[in-house]
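Analysis of the macromolecular model
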Amino acid sequence: MDTLPVARTAEPTTHHLDRAVALAVENVARAGGPFGAVVVTADGQVFEGVNRVTSSNDPTAHAEVQAIRAACTALGTFDLSGATLWSSCEPCPMCLSSALWARVEAVHFAADRHDAAAAGFDDAVFYDFFDTAPADRAMPVRQAAAGAPVAPFDAWRSHAARVDY
């Protein structure tokens, strides 16, 4: 199942969460991951996404990200202010960050991170990463010396045609 926009009138909220769960179950039948998501815009447009990590060899192709991408592409915007994200499972830190960057207003989920862990999807390491002091993290993330580290931001600030986000 591709993440094409599904434009239709919004239905009662429980329907969207049930749809996200159904998308996840359908995706498993197609050899995909057990995750589905639905974005409902403020004006009631609905966009769906399923986990495409293994089918696209893209570790960022989580259901929530796919639904956000579908909505933004179809609407021609990166700003989903007023939208709601419905997910079959509690969003991982990447998906939650994506929702924040898209200015999604609310996120609702069915299963939680502990349910996912019981099925072999333990995101605890990612949550723990952000709770660990930078010097103690398993993957080093360090600022390094560069000739002109703020040059991109200087260019951005002086670029009259920039699109703020």
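Residues numbered from 1 in each chain as written. Predicted model: local features only at pLDDT ≥ 70, side-chain atom pairs only at ≥ 80, totals over all residues. Heavy atoms only, no water.

An unreviewed UniProt entry annotates the protein chain as tRNA-specific adenosine deaminase of Paraoerskovia sediminicola.

1. Observations regarding the pattern of salt bridges
Going by this rule: Think of a salt bridge as a Lys or Arg side-chain nitrogen and an Asp or Glu carboxyl oxygen that are within 4 Å of each other. Only protein chains enter the calculation, and the probe is 1.4 Å; a residue is then buried if its accessible area is under 20% of its type maximum, exposed if over 50%, and partly exposed in between. Counting from the N terminus, the helices are the DSSP runs of H or I reaching at least four residues and the strands are the DSSP runs of E reaching at least two.
Under the definition given, this model contains six salt bridges. With its nearest N and O atoms 3.4 Å apart, the salt bridge here joins Arg19 to Glu26. In this structure Glu26 comes out as partly exposed when scored by relative accessible area, which is 30%. Here Arg113 ties to Glu90 by a salt bridge, and the two come within 2.9 Å at their closest N and O atoms. Of the two residues, Arg113 sits in helix 5 (residues 113-118) while Glu90 sits in the loop between strand 4 (84-89) and helix 4 (93-101), which places them 23 residues apart along the sequence. Residue Arg113 is classed as partly exposed on the basis of its relative accessible area, which comes to 31%. Connected via shared salt-bridge partners are Arg19, Glu26 and Glu48.

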